[in-house]
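# Summary of structural features
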Amino acid sequence: MGIFREIYFKLSSEKKLRKKTDKMYNKLKKIGFYEKEGTKHMRLGNKYNDYVNAIGSKCANKLPKREHGWYISKDD
């Protein structure tokens, strides 16, 4: 992954990245996910994976944090 794409991932919003992945998903669907020939499919697939991973890294901060160990009620 290039440095410009990394900067783009950090600066762009999650909504913008999701729009881009939807477009790429439709292109992949049109080409066919299981097409073995050509590098076009592989390049687009790898780019799609980079975008999905960038979305996942942006969403990771929004998840509720949890402490280690079991949650035991204090009623006992």
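Per chain, the residues get numbers from 1 upward, laid out in the order the sequence is written. At least 70 in pLDDT is required for a residue's local features to be given in this predicted model, at least 80 for side-chain atom pairs to be given and counted, and no such filter applies to totals for whole chains, interfaces and linings, which use all residues. To get the side-chain values, take all heavy atoms of the structure and skip hydrogens and water.

### A short note on the overall build of the protein
Put simply, the test is: Helical segments are the DSSP runs of H or I of at least four residues, strand segments are the runs of E of at least two, and each set is numbered from the N terminus. We call a residue buried when its accessible area falls under 20% of the maximum for its residue type, exposed when it is over 50%, and partly exposed in between, using a 1.4 Å probe and counting protein chains only. When checking whether two residues touch, look at their non-hydrogen atoms; a contact exists if any pair is within 4.5 Å. The Shrake-Rupley method, run with a 1.4 Å probe, gives the accessible areas here. Residue values count only the displayed protein chains as cover.
Each helix and strand counted, the protein has three helices and zero strands in total. Counting helices and strands in the order they occur from the N terminus, the protein gives α-α-α. Sorting the 76 residues of the protein into buried and exposed places 18% on the buried side. Taking all contacts inside the protein whose residues are at least 6 apart in sequence as the whole, residues at least 24 apart take part in 57%. Of the roughly 7,100 Å² of accessible surface on the protein, a fraction of 55% belongs to carbon and sulfur atoms.

### Concerning the nonpolar core
To keep it simple, the criterion reads: By convention a nonpolar core is built from buried Ala, Val, Leu, Ile, Met, Phe, Trp, Tyr and Cys residues, the set being connected through side-chain atoms within 4.5 Å.
Counting residues in each nonpolar core, the largest one holds eight residues, listed as Phe-9, Leu-17, Met-24, Leu-28, Leu-44, Tyr-51, Ala-54 and Ile-55. Ranked by residue count, the leading element in this core is helix α3 (residues 40–59), at four residues.

### Thoughts on a nonpolar patch on the surface
Note the following rule: In this analysis, a patch consists of residues with relative accessible area above 30% that form no salt bridge, clustered at 9 Å for like charges and at 5 Å for the nonpolar side chains Val, Leu, Ile, Met, Phe, Trp and Tyr. Put simply, a salt bridge is a Lys or Arg side-chain nitrogen that is within 4 Å of an Asp or Glu carboxyl oxygen.
Taken together, Ile-3, Phe-4, Ile-7 and Leu-11 make up a surface patch of nonpolar side chains, about 510 Å² in accessible area. Mapped onto the elements, Ile-3 comes out in helix α1 (residues 3–11).

### Comments concerning the packing of α1 against α3
When two helices pack together, you describe them by how their axes are tilted relative to each other and by the distance separating the axes. Threshold: Helix axes are fitted only over the stretch in contact, all axes being lines through C-alpha atoms; the angle between N-to-C directions runs from 0 to 180 degrees. The hand of a helix crossing depends on one turn: near helix anticlockwise from the far one by less than a right angle means left-handed, and clockwise means right-handed. Under the scheme applied, nonpolar residues are Ala, Val, Leu, Ile, Met, Phe, Trp, Tyr, Cys and Pro; charged residues are Asp, Glu, Lys and Arg; polar residues are all the others, including Gly.
Where α1 contacts α3, the two axes come as close as 10 Å, and the packing angle between them is 40 degrees. Read as a crossing pair, α1 and α3 show a hand that is right-handed. Together, Arg-5, Tyr-8, Phe-9 and Lys-10 of α1 and Lys-47, Asp-50, Tyr-51, Ala-54 and Lys-58 of α3 make up the contact between the two elements. Counted by class, the contact of α1 with α3 contains four nonpolar, no polar and five charged residues.

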